Structure formats: structure tokens, C-alpha cells
Amino acid sequence: MTEQTKKADKAALTEARRPRGLIDRGAADIAATDAMIAAIRKSYELYGFEAVETPFFEYTDALGKFLPDLDRPNEGVFSFQDDDEQWLSLRYDLTAPLARYVAENYERLAKPYRSYRCGWVFRNEKPGPGRFRQFMQFDADTVGAGSVAADAEMCMMAADTLEALGVKRGDYVIKVNNRKVLDGVMEAIGLGGGEQAGRRLTVLRAIDKLDRLGLDGVRQLLGEGRKDESGDFTKGAGLAESQSSRLLGIIDAVSSALGASPVAGETLRDAFQTAIDKLDEMGPAAIGQLLRDETSGAPTADALDAAQARAVLDYLRTHYVSTDAAAPGDARRPWLDTSYASDALTFSTWRQSVGGSETGAQGIAELKELARIVRAAGYGPDRIRIDPSVVRGLEYYTGPVFEAELTFEVRDDKGQPVRFGSVGGGGRYDGLVGRFRGEETPATGFSIGVSRLFAALKAINSPIVAATKKVGPVVVLVMDRDQIAAYQALTARLRAAGIAAEMYLGEAGMNPQLKYADRRGSVCVVIQGSNEREKGEVAIKDLVAGAELAKGAKTLERDAYLALKEKAQIVVPEDNMVAAVKEILGRH
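This text gives an overview of the structure that appears in the document.

Here is what the cut-offs are and how they apply
- Residues numbered from 1 in each chain as written.
- Predicted model: local features only at pLDDT ≥ 70, side-chain atom pairs only at ≥ 80, totals over all residues.
- Heavy atoms only, no water.
- Buried < 20%, exposed > 50% of the residue type's maximum accessible area, 1.4 Å probe, protein only.
- Helix = DSSP H or I, 4+ residues; strand = E, 2+ residues; numbered from the N terminus.
- Arc of directions from axis to C-beta.
- Contact = heavy atoms within 4.5 Å.
- Pairing = 2+ DSSP bridges.
- Axes fitted to C-alpha atoms, helices over the stretch in contact; angles between N-to-C directions.
- Core = buried A, V, L, I, M, F, W, Y, C linked by side-chain atoms within 4.5 Å.
- Polar contact = N/O pair within 3.5 Å; in protein donor to acceptor, adjacent residues only side chain to side chain.
- Phe/Tyr/Trp six-rings, centres within 6.5 Å; stacked < 30°, edge-to-face > 60°.
- Salt bridge = Lys/Arg side-chain N within 4 Å of Asp/Glu carboxyl O.

Turning our eyes to something else, we now look at helix H23 (residues 577-587). All buried positions along H23 are accounted for by Met577, Val578, Ala580, Val581 and Ile584. Take H23 and look down its axis: the buried residues cluster within an arc of 165 degrees, on one side only. Of the exposed residues in H23, the ones pointing more than 90 degrees away from its buried face are Ala579 and Gly586. Buried residues belonging to H23 abut strand E16 (474-476), helix H18 (484-496), strand E18 (524-527), strand E19 (537-542) and strand E20 (569-573).

Right, dumping it as C-alpha cells:
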């Protein structure tokens with residue numbers, strides 16, 4: 001064969017390449033993910049949810065135009081036209097297919113209908129670091145319950161699930177907002193009405209990027225638009241500066257007070273001194289009672305404004321602690337539960353921002369009720385926090401929205417700090433099922449981003465993930481090619497005893513077979529040459545002990561070395577093979 005022919009043949013080969021935005025997974029990752037999914041399933045079932053499964057594909061009109069921005073069906077989703085000329089799309093989440101399923105089976109389902117689903121979803125979007133075109137979600141939804149209690153339950157279940165997965169309290173927070181609050185602000189700045197629906201959605205998606213882009217980036221998207229690092233330009237909502245400032249004000253003021261997105265400026269300096277003076281006059285308990293009354297909605301004769309109240313809270317958090325949270329040796333003095341104060345600050349700021357909007361006022365009232373429920377159940381603001389920065393980018397949300405955020409940092413391979421941020425979210429979507437039924441059907445749900453959360457659990461070495469190291473099968477080596485049937489019989493005997501086993505199917509000799517078993521993660525191999533066969537015996541090589549033996553050849557004491565050598569390879573009668581293999585597997 002000439003050199004030219006070789007080059008031509010090589011050029012004809014198909015290049016092995018993985019599409020952008022997709023990942024391959026090995027056995028270890030799959031096993032760890034399965035363990036994680038089992039823990040989530042257990043948590044969801046503890047709350048009374050049952051399993052259901054829907055197809056990967058749905059009719060495009062059934063999914064709805066909630067993710068795409070333009071008229072073509074494949075903008076944002078992967079779509080194709082079937083032979084009957086109807087458009088089909090890969091599901092972009094698990095919520096829209098559930099809405100179709102509930103509507104199609106409405107009469108036979110017990111309501112409220114409580115279900116969970118786990119599966120792959122697909123986004124036809126520009127991939128990037130941490131942004132994939134295919135990823136796994138695990139959802140739980142309640143359909144047919146309009147009470148805020150259903151939304152509160154989702155938040156509590158999200159917190160419990162993260163802790164069940166090994167995320168420590170203090171390393172996460174469930175942030176809660178209400179779409180109606182932001183809708184109220186948008187009404188107040190002239191973005192109400194059906195003709196402004198497109199701009200409102202652009203605004204929502206811009207604010208939803210706050211964690212990733214920061215306030216400046218969001219401000220650009222609310223205005224004319226933003227150019228990213230690659231030079232791509234994203235058209236903005238076209239708001240005037242005064243409109244953008246009003247929208248960002250609701251996020252800016254409260255978020256900085258509650259420790260969320262930090263905002264530059266020292267606007268509270270004067271208010272702080274005023275608040276301290278008032279604190280000296282009234283005492284911390286009286287200030288706390290004012291804030292508690294603010295949460296419950298009761299009128300107060302001498303209430304602080306938002307800036308003063310925020311400053312007081314900061315001071316109280318530094319110098320006082322709630323009675324039930326006081327620890328031995330804590331220098332702070334006991335005070336009322338600061339969770340009431342935290343919620344009150346948020347609601348106080350929001351009332352000013354929504355103005356006279358009825359929609360905004362309704363959103364605040366719903367959040368007050370949600371806060372009352374979760375606080376009564378023992379979930380403080382360290383676990384579930386009212387937070388105006390939560391928006392959720394999908395259009396179908398109609399009320400409370402929530403996001404599960406990991407707050408800890410880890411170091412990447414280069415030593416740079418990495419924060420995982422949001423690993424799940426959800427909210428109320430009362431109109432989604434109604435698209436099929438012609439009447440509003442209340443629904444709320446929560447979705448965990450399995451792929452993203454898995455990466456975070458690996459980073460903190462969660463027991464759920466760390467304890468699932470994949471062990472390879474016992475490998476029966478093939479020493480004599482004319483004895484394949486005998487080796488297969490040995491393998492079958494192991495499998496019949498419930499031991500994962502395989503007979504080596506390659507063409508290599510003994511040493512390459514041992515290397516193969518090592519790469520598979522096998523604990524031991526079974527060896528039977530002609531000598532063993534004549535005596536009715538098998539040799540069993542403990543690969544783990546063998547590796548320890550090789551590592552300790554120069555460091556182990558003689559007696560320890562000989563004891564380990566005895567364990568590294570044993571010879572037993574064929575009838576004792578299963579028991580011997582089980583004993584070795586049990587050691588490791």
C-alpha cells in the first residue's frame with residue numbers, strides 16, 4: 001500500500017467527536033447519580049408524591065411557546081416535522097409534558113395530583129461552561145391545589161432533600177419570590193397589558209441572569225442590550241433608565257440588606273445612626289415587636305422605614321440572638337426570632353416599589369402567608385428566605401417562584417474559587433394545564449437539576465456520592481482456548497450465587513488479562529490452568545491484596561508481608577470457589 005493510499009484511507013475515516021454541549025458518563029458517575037436519584041426519590045415519597053413518566057417527545061404546540069423567543073418551532077428546542085406534517089419537539093423541561101398528561105387523564109387522577117418524574121431534558125441553546133444541551137432533572141408537582149400551603153411545602157421539601165443528599169445546613173438556601181410582585185412593579189412602570197407581554201418576558205429573563213451577570217449585566221439587558229465575552233450581542237428590553245432603575249431598585253435594596261447580591265454605596269450611614277438612637281430609646285424587644293407586627297400586617301404607630309429597619313436588623317444580628325438559638329458562651333444578648341425581622345424588611349421595601357398595583361399587593365400577601373407557614377414549621381431564613389432576586393426565566397410561572405442555591409465555595413484545579421449557585425427551582429403555574437382544558441387549574445412544582453447538583457455533591461464529597469465506588473465483576477481468566485465451556489461453567493456458577501462475573505472474551509495472554517481485570521476495577525480473578533483442572537481446583541487472585549503487597553514489598557515487616565502474600569492468592573477446590581470469592585469480596 002502506497003503512502004498516498006494510506007493518506008486517502010485515513011481521510012475517508014469518520015472523525016470521532018462529541019457534539020458541543022453534551023457529555024459522556026462512565027460507570028462510576030452513573031452509579032453515583034443513581035444513588036443520588038434514589039435519595040431524592042425517597043425524600044419526595046416521604047412527602048407523599050408518586051412516580052409518573054412521560055415521553056421525551058411531545059407535540060410542539062403541547063409544549064407551548066414558553067421557552068422559544070421566535071416563531072420557528074426549533075428556536076430554543078430541538079424540533080422536527082413528522083410524516084403527518086405535525087411538529088414534534090424534544091421536551092425542554094418536565095413540567096410542560098406533565099401539564100399535557102394531567103389534562104389528558106384529568107378525570108381518572110386523584111386531585112390534588114402529587115407526582116414526581118426524573119429524566120433528560122434538552123435545550124437548543126448556545127453551550128458554555130456549565131451550560132449543556134442535554135441534562136437531567138428530577139421534578140415534583142402538585143396539581144389541583146391553589147393554596148399557598150402547596151408552595152410552602154415545595155420549599156420545605158427542597159430544603160429537606162438537599163440535607164438528605166449531604167448538603168449541610170448553612171451551605172444552601174431556598175430563595176422565594178412571587179411573580180406577581182415583579183408584575184406589579186412592571187405595571188407601575190408602564191409594562192402592563194397584553195401588548196407588552198414580549199417585553200415583560202425579556203425583562204424576566206434578564207433579571208433571571210442576575211447571579212451570572214451581576215447588576216451591571218442585567219441593567220444592559222434591560223436597556224439596549226449586552227455584548228458577551230465572545231462578541232455575541234443579545235438585544236435588550238429597551239427600557240428607559242428610569243424604568244430599569246425602578247426594577248433593579250427592588251432587587252438592590254432588599255438583596256443588600258439580606259446578604260444577597262452585594263451593591264456598592266453607603267446610603268445607610270445616616271439611617272443607621274437614627275436607628276441606633278431609636279433602639280436606645282425603645283430597646284431591642286420593642287424594635288423587634290414592631291418588625292414582627294409588620295410581618296403579620298398589623299398597623300404600627302411608630303414603624304421604621306425600610307432603610308432604618310434594615311440597619312436595625314444588621315445591628316441586632318451583631319449584638320443579639322434569638323432566645324432559642326443562643327449557645328453557651330455566646331456574647332450576644334437574647335432577642336426575638338430575627339426571621340420575623342428579615343421577612344418584614346423585604347415586605348416593607350416591596351410595598352413601596354409596587355405602589356398601588358393590586359397584583360403586586362396580592363403577591364406580597366401570598367408571600368407573607370408562605371413565610372408564616374414555613375416559619376411555623378421551623379424553617380428559618382437560613383433555610384428558606386424571601387428574596388426579590390428570584391425570577392425564573394420561563395413565562396408560565398404565575399405566582400410564588402423559588403430557587404435552591406448552594407452558598408459554599410470550592411476550589412477548581414487551578415485553585416480558583418468556584419460557587420455552584422442554583423441547583424434547582426420551580427414555582428406556581430396555574431395556567432399551564434388550563435391551556436388544554438379551557439379553565440384555570442392550579443399547580444405548583446419544584447425541579448432539581450440533577451447534573452449540576454451531582455457536580456456539587458462530588459465537590460463536597462457527599463456520602464451519597466462518595467459511597468458508590470463502582471466495583472468491577474469477578475473475571476474468570478481463559479488459560480486454555482480449548483476449555484472455553486469449562487470457564488463459562490465457572491462463570492455461570494458465580495452468577496448463580498449472585499456474584500457479578502464475566503469470562504474474558506479477548507485473545508490476550510495471562511498478564512494482559514490481569515491488567516484488564518484491574519482496569520475494570522475487579523477485586524479478584526479466578527484462574528484455572530491444566531494443573532488446577534486435573535486436581536479439581538481453582539486459584540483465586542486477590543487483586544487488592546496483590547496491589548498492597550507490591551506497594552509494601554520494601555516497607556512491611558517479614559511476618560506482615562508473608563501474611564499478606566498468603567491472602568493475595570489462594571487455591572481451593574472448585575466446590576469451594578463461590579464461598580472463597582464471597583470471603584474476598586467481603587474483605588474489600
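Moving on from the model shown.
The 8 strands lie next to each other as E1-E5-E6-E15-E14-E13-E7-E12, forming an open sheet whose pairing is mixed. Every interior strand has two partners, whereas the edge strands, strand E1 (50-51) and strand E12 (384-386), have only one. As judged from the 5 bridges shared by strand E14 (residues 417-428) and strand E15 (residues 443-449), these two strands associate in the antiparallel manner. Pairing of Gly425 across the sheet is with Ser447, part of E15. Along the sheet, helix H16 (residues 450-459) contacts strand E5 (113-122), strand E6 (134-143), strand E13 (400-411), E14 and E15; its crossing angle with E14, the most-contacted strand, is approximately 140 degrees.

The biggest cluster of nonpolar side chains holds 55 residues, and the ones touching the most others in it are Tyr44, Ile174, Leu406 and Leu453. Tallying contributions element by element places helix H5 (residues 148-164) first for this core, with 9 residues. With residues up to four places along the chain from it excluded, the contact list for Leu453 reads Met36, Leu162, Leu165, Leu406, Val423 and Ile448. Core analysis: the second largest hydrophobic core is formed by 29 residues, Val478, Val525, Val538 and Val581 among them.

Secondary-structure assignment places Glu163 in helix H5. Once the C-alpha coordinates of Glu163 and Ser43 are considered, the two residues, 120 residues apart in sequence, prove to be 9.9 Å apart. Once residues lying within four places of it in the same chain are set aside, the contact partners of Glu163 are Arg169, Tyr172 and Arg383. Side-chain polar atoms of Glu163 contact the side chain of Arg169, separated by 2.9 Å.

Turning our attention to the packing of aromatic side chains. For the structure shown, the criterion picks out 8 aromatic pairs. Summarising the aromatic geometry, the rings of Tyr101 and Tyr113 are spaced 6.3 Å apart at their centres and angled 35 degrees between planes, so their arrangement reads as tilted. Taken together, the residues span a long stretch of sequence, with Tyr101 in helix H4 (residues 95-104) and Tyr113 in strand E5 at a distance of 12 residues. Side by side, Tyr101 and Tyr113 carry an identical accessibility label, which is buried. When the centroid spacing of 5.7 Å and the interplanar angle of 45 degrees are considered together, the rings of Tyr116 and Phe138 count as tilted.

What follows deals with the side chain of Ser244. If you trace the backbone, Ser244 turns up in helix H9 (residues 241-257). Residues within four places of Ser244 in sequence aside, it is in contact with Leu222, Gly223 and Leu239.

Quick look at the pattern of salt bridges now. Inspection of every chain in the model, using the stated rule, returns 26 salt bridges. Of the charged contacts, one joins Asp160 and Arg383 as a salt bridge, the two residues approaching to 3.2 Å between their closest N and O atoms. In this pair, Asp160 sits in helix H5 while Arg383 sits in the loop between helix H14 (358-376) and E12, placing the two residues 223 residues apart along the sequence. The partner of Arg385 in a salt bridge is Asp387, and the shortest N-O contact between them spans 2.9 Å. Assessed through its relative accessible area of 1%, Asp387 is described here as buried.

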